[in-house]
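Structure assessment
Chain residues, written in single-letter form:
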Amino acid sequence: MQSNLEIKTMQEAWERWGGTAQVMQLAEESVELAHACHKIVRKPKGLTELNKLAEEIADAEIMVQTVKMHLALNDLVASYRDLKMNRLKRRLDNVRP
Ligand SMILES: [Mg+2]
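Being a predicted model, the structure only gives us computed values, none of them experimental. (Residues numbered from 1 in each chain as written. Predicted model: local features only at pLDDT ≥ 70, side-chain atom pairs only at ≥ 80, totals over all residues.)

1. Focus on the packing of helix H1 (residues 4-17) against helix H3 (residues 47-70)
- Here H1 crosses H3 at 75°, and the two axes come no closer than 10 Å. As judged from the angle between their axes, H1 and H3 are roughly perpendicular. Counted together, Met-10, Ala-13 and Trp-14 of H1 and Gln-65, Thr-66, Met-69 and His-70 of H3 form the full contact between these two elements. (Axes fitted to C-alpha atoms, helices over the stretch in contact; angles between N-to-C directions. Helix = DSSP H or I, 4+ residues; strand = E, 2+ residues; numbered from the N terminus. Parallel < 35°, antiparallel > 145°, perpendicular 65-115°, else oblique. Contact = placed C-beta atoms within 7 Å.)

Here is the structure:
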């Protein structure tokens, strides 16, 4: 759950830089998160790699929340999330150890 200050900050960023720039920022942060994930797998898991992964997760979360809020996607994303979590649960239940 976001605080009022976070929501206000996301609204200000959207108004200042525009929706196109914010969606492109989400794309950029998604790529940076993907790179951080690859590094965690490829390199020894030092504090630097874990810290970078945490930083990129935070960046991506902020941009996901910003875009969801401004494109009114919260309910649709929640619906897909339920669908996909149910599918994952069914897969897990059908796989024998
Ligand atoms: Mg980043």
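2. Observations concerning the packing of helix H2 (residues 19-42) against H3
- Two elements in contact, H2 and H3, have axes whose closest approach is 8 Å; the angle formed by their N-to-C orientations is 155°. Put simply, H2 runs roughly antiparallel to H3. Handedness of the H2/H3 crossing: left-handed.
- Across the contact of H2 with H3, the residue classes break down as 12 nonpolar, six polar and seven charged. (Left-handed = near helix turned anticlockwise from the far one by under 90°. Nonpolar A, V, L, I, M, F, W, Y, C, P; charged D, E, K, R; others polar.)

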